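Topology and contacts: notes
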Amino acid sequence: MKKISLILALIVVAVGAYLLFQATNPYYGLVTEIEVQSDEATVEYLEQQLEQTLAAMEAAYQSGETPDLDMFLIAATNAYYLGDLAQAREIYEEYFDYNSINPASWNTYANILYKMEDWDNAEEAYRTALELSPMEEFYMDLVKVIEKDSERYLEVEELLKEAVEVLGQSRSLMVALASWYEETGDCERSIAHYSVAKTLAESDTLADSVQEDIDRVEETCEQK
């Protein structure tokens, strides 16, 4: 009986410790590190640069000054290339305390959150980047987050149409819309958008690639 009671007590302690860890870990359930492909010399250089940059930032704080904002970006980039997503995220969040109107930084920060699989916060960050500066890249990045939820597929069309309205037609936006129509079975609209994309192609090679898309959709429609 005593043995059973001891086992139960240990289970309770273990469960309590697990719940405490879950409650106190802000990144519980998220990806905090990624594998890097850099060689040993590159990793050593990045680690050294990160250490020196963080030390310089700390020295600035200790002297009552704000570190050069470029230091935040350098440190965050180094942390990212070392595969430490959590540290890169935290450095960007510290950076935004001093400069919250840099759209490129918001988009890079959102990319980090995306890799962490923190979808809601990644979407919010992408939208912040778009509000600061509507750019095609930002729209496309936001699309990839929304696509994570199959129930929100209609929002993808709305967002791409908004991008076209704000930025004008481009080959990549037309291809994205054409691909969406293709996936939803609207072959006629898909071909129409691919055709526009072909006229906007920046090179013959890209135009040929779009024509292959058109041929594929036409064949698919014939089979239906």
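See the structure above.
Residues numbered from 1 in each chain as written. Predicted model: local features only at pLDDT ≥ 70, side-chain atom pairs only at ≥ 80, totals over all residues. Heavy atoms only, no water.

**A word on the overall build of the chain**
From N to C terminus, the chain includes 11 helices and 0 strands. For the chain, the α and β elements follow one another from N to C terminus as α-α-α-α-α-α-α-α-α-α-α. Burial statistics for the chain: of 224 residues in total, 32% are counted as buried. Long-range contacts, defined here as pairs at least 24 residues apart, represent 50% of the contacts in the chain between residues at least 6 apart. Counting every atom, the chain has about 13,700 Å² of accessible surface; 51% of that belongs to carbon and sulfur. (Helix = DSSP H or I, 4+ residues; strand = E, 2+ residues; numbered from the N terminus. Buried < 20%, exposed > 50% of the residue type's maximum accessible area, 1.4 Å probe, protein only. Contact = heavy atoms within 4.5 Å. Areas by Shrake-Rupley, 256 points an atom, 1.4 Å probe, with all protein chains shown as cover.)

**Concerning the packing of aromatic side chains**
Scanning the model with the defined rule gives 13 aromatic pairs in all. Each ring, one from W106 and one from Y109, has its centre 5.7 Å from the other, and the planes form 75°; the classification is edge-to-face. Taken together, the residues span about one helical turn, with W106 and Y109 both in helix α5 (residues 103-115) at a distance of 3 residues. Residue classification places W106 among the buried positions, given a relative accessible area of 15%. The rings of F72, Y92, Y95, F96, Y98, W106 and Y109 are connected pair by pair, giving a single aromatic cluster. Geometry around Y114 places K144 over its ring, the cationic atom sitting 4.5 Å from the centre. (Phe/Tyr/Trp six-rings, centres within 6.5 Å; stacked < 30°, edge-to-face > 60°. Lys NZ or Arg CZ within 6 Å of the ring centre and 35° of its normal.)

**As for the nonpolar core**
Core analysis: the largest hydrophobic core is formed by 50 residues, its most contacted members being Y92, Y109, Y126 and L160. The dominant element in this core, judged by the number of residues it contributes, is helix α9 (residues 171-183), at 7 residues. For Y109, the contacting residues outside a window of four places in its chain are R89, Y92, E93, F96 and A125. (Core = buried A, V, L, I, M, F, W, Y, C linked by side-chain atoms within 4.5 Å.)

**Examining a negative patch on the surface**
Together, D204, D208, E212, D215, E218 and E219 give the surface a local cluster of negative charge. Assignment of secondary structure puts D204 in helix α11 (residues 204-223). We classify D204 as exposed; its relative accessible area is 66%. (Patch = residues over 30% accessible without salt bridge, like charges linked within 9 Å, V, L, I, M, F, W, Y side chains within 5 Å. Salt bridge = Lys/Arg side-chain N within 4 Å of Asp/Glu carboxyl O. Lys, Arg positive; Asp, Glu negative; His and termini not counted. Charge placed at Lys NZ, Arg CZ, Asp CG, Glu CD.)

**Examining the environment of E158**
Take E158: it is sitting in helix α8 (residues 153-167). For E158, a relative accessible area of 53% translates into the label exposed. Placed 19 residues apart in sequence, E158 and L177 show a C-alpha to C-alpha distance of 9.8 Å.

**Quick notes on unusual backbone geometry**
For E117, which is not glycine, the phi torsion reads 65° and is therefore positive. Within the secondary structure layout, E117 lies in the loop between α5 and α6 (119-132).

**Observations regarding the pattern of salt bridges**
Here the structure, examined in full by the defined rule, presents 12 salt bridges. A salt bridge links E123 to R127, with the nearest nitrogen and oxygen atoms 3.2 Å apart. Here E123 pairs with R127, and both are found in helix α6, just 4 residues apart, close to one helical turn. Residues E155 and R152 are paired through a salt bridge, measuring 2.8 Å at the closest nitrogen-oxygen approach. Here the salt bridges share partners, and the residues they tie into one network are E123, R127, R152 and E155.

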